Amino acid sequence: ESALPSLNIDNLGGYILTKTGRVYNAEKVEKTIEALTIGVSLQGYAFGQVKPRFDRDETNHIMNITFGIDEGPRIYIERINIVGNFRTHDDVIRREFSLAEGDAFNRLLVEAARRRLRSLGFFKTVDIDTDPGSAPDRVVLNVTVQEQPTGELSFGAGYSTSEGVIGDISITERNLMGKGQYVRLGFSGSLERAQVDFSFTEPHFLDRNLAAGFDVFYKEVDFQDVASFSQRDAGGDIRLGFPIADNTQLGLRYKFEKEDIFNV
């Protein structure tokens, strides 16, 4: 239902994630509200508000949902302040917002940005408060974050009947130099095998919502005791991924590998 006179409701059907006959899902309702808010703004209603109305039919175990759309107060974002990010760059935080300075203020989109920041795993806490701006129709967003460690060192050891004592060690950093990049370096091996691998991912390639990265590896295995030869593998891959829907990503990968078998 829309109270906006020239809003084309037919064009908003693709934003609705809740489907008739499906099991009720509160998370999909929230994501539908967020998607509809963006869809309404794309039709020129920057201050559009979407509010769900629920009608419970407990006898038949049915939940009817009506999404009501009307126009909210005309408030603009004057400034976005970021506090507490001693290591993480400002742009890593700002790119999680669908809003920028000068845009129409929408509390729903602000809350969605807070959830995305929490899901990065870079921060222990994320709080977004508002202060009055320089005019009655202006508001200042204060984003306060508390950073947490993003590096990881792991190692392990074991025993294999075919290789004997085996071990591995890896170093991982999920927020390299505060740029939000992912990097991992790993070593593993035994008396008969040695392997090293390296991975790197840039989650916002060319400042777009594209995840690009590469992986390289090198491995040597000595089969002299059982088959009179040794094997050397080297290669890697390059990859590109982009979202096509919530929690759904399409990825492209090109892998190359060279394998050598030789006698010592």
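What you see is a predicted model; the values in this text were computed from it and never measured.

A. Looking closely at helix H3 (residues 107–119). Here H3 contains 13 residues, and its C-alpha end-to-end distance of 19 Å stays within 8% of the 18 Å for a straight helix at 1.5 Å per residue. Residues of H3 that are buried: Leu109, Val110, Ala112, Ala113 and Leu117. Within H3, the buried residues cover an arc of 160° as seen down the axis, which keeps them to one side. The exposed residues of H3 that point more than 90 degrees off its buried face are Arg107 and Ser119. Residues of H3 that are buried make contact with helix H1 (26–42), helix H2 (90–94), strand E4 (123–132) and strand E5 (138–147). At the exit of H3 stands Gly121, carrying a positive phi of roughly 85°.

B. Structural detail: the pattern of salt bridges. This model, assessed by the stated rule, comprises 16 salt bridges. The shortest N-O distance in the salt bridge between Arg116 and Glu34 comes to 3.3 Å. Taken as a pair, Arg116 in helix H3 and Glu34 in helix H1 lie far apart in primary sequence, 82 residues in all. We note a salt bridge from Glu220 to Arg232, for which the minimum N-O separation is 3.2 Å. A residue pair is termed long-range when its members are at least 10 positions apart, and Glu220 in strand E10 (residues 211–222) and Arg232 in strand E11 (residues 230–245) qualify at 12 residues. In this structure Glu220 comes out as partly exposed when scored by relative accessible area, which is 31%. Given the relative accessible area of 28%, Arg232 is considered partly exposed. Through salt bridges that share partners, Asp215, Asp237, Arg239 and Arg253 make up one connected network.

C. Molecular detail of the side chain of Arg193. Looking at where Arg193 falls in the secondary structure, it is placed in strand E9 (residues 193–202). A polar atom in the side chain of Arg193 sits 3.4 Å from the side chain of Ser188. Ignoring any residue separated from it by four or fewer positions in sequence, one finds Arg193 in contact with Glu163, Ile166, Ser188, Lys219, Glu220 and Val221.

D. How the structure looks around the pairing of strand E6 (residues 151–160). Pairing of E6 with strand E7 (residues 164–176) involves 10 bridges; the strand directions are antiparallel. Residue Ser154 lies in a different strand from E7, and its bridge partner there is Ser170. Linking E6 back to E7 in an antiparallel pair, the connection comprises three residues.

E. Representation of the pairing of strand E2 (residues 62–71) in the model. Pairing of strand E1 (residues 48–57) with E2, which is carried by 10 bridges, proceeds in the antiparallel orientation. Bridged to Asp57 within E2 is Ile62. With antiparallel pairing between neighbouring strands as the criterion, E1 and E2 make up a hairpin whose turn holds four residues, including His61 at a positive phi of roughly 55°.

F. Just the packing of aromatic side chains, in detail. Scanning the model with the defined rule gives six aromatic pairs in all. Ring plane angle 40° and centroid distance 6.0 Å describe the contact between Phe198 and Phe214, whose orientation is recorded as tilted. A residue pair is termed long-range when its members are at least 10 positions apart, and Phe198 in strand E9 and Phe214 in strand E10 qualify at 16 residues. Look at Phe198 and you get partly exposed, because its relative accessible area is 26%.

G. Expanded view of the nonpolar core. Formed by 20 residues in total, the largest nonpolar core has its most connected members in Ile77, Ile93, Phe97, Leu117, Phe123 and Val143. Taken together, the elements giving at least two residues each to this core come down to strand E3 (76–83), H2, H3, E4 and E5. The contact partners of Leu117, leaving out residues within four places of it in the chain, are Ile93, Glu96, Phe97, Phe123, Val126 and Val143. With 11 residues, the next largest nonpolar core counts Val29, Tyr45, Val50 and Phe67 among its residues.

About the thresholds
- Every chain's residues receive numbers from 1 upward, in the order its sequence appears when written.
- Local features in a predicted model are, by the rule used here, given only for residues with pLDDT of at least 70; side-chain atom pairs are given and counted only at 80 or more, and totals for whole chains, interfaces and linings are based on all residues.
- Water and hydrogen atoms play no part in the side-chain values, which are based on all heavy atoms of the structure.
- Strands here mean DSSP runs of E at least two residues long; helices mean DSSP runs of H or I at least four residues long; both are numbered from the N terminus.
- A helix's residues, less one, multiplied by 1.5 Å, set its expected span.
- Using a 1.4 Å probe on the protein chains alone, a residue whose accessible area is under 20% of its type maximum counts as buried, one over 50% counts as exposed, and one in between counts as partly exposed.
- This arc is taken over the directions from the axis of the helix to the C-beta atoms.
- Residue contacts are defined here by distance: any two heavy atoms, one from each residue, within 4.5 Å place the two residues in contact.
- One side-chain nitrogen of Lys or Arg within 4 Å of one carboxyl oxygen of Asp or Glu is enough to make a salt bridge.
- In the analysis that follows, any N or O atom pair within 3.5 Å is treated as a polar contact, provided that within protein one partner can donate a hydrogen and the other can accept it, and provided that, for residues neighboring in sequence, both atoms belong to side chains.
- By definition, two strands form a pair when at least two bridges between them are found by DSSP.
- Each Phe, Tyr or Trp ring (for Trp, its six-membered ring) is paired with any other whose centre lies within 6.5 Å, and the angle between the two planes then decides the class: stacked below 30 degrees, edge-to-face above 60, tilted in between.
- Only buried residues count toward a nonpolar core, which is a set of Ala, Val, Leu, Ile, Met, Phe, Trp, Tyr and Cys residues joined through side-chain atoms within 4.5 Å.

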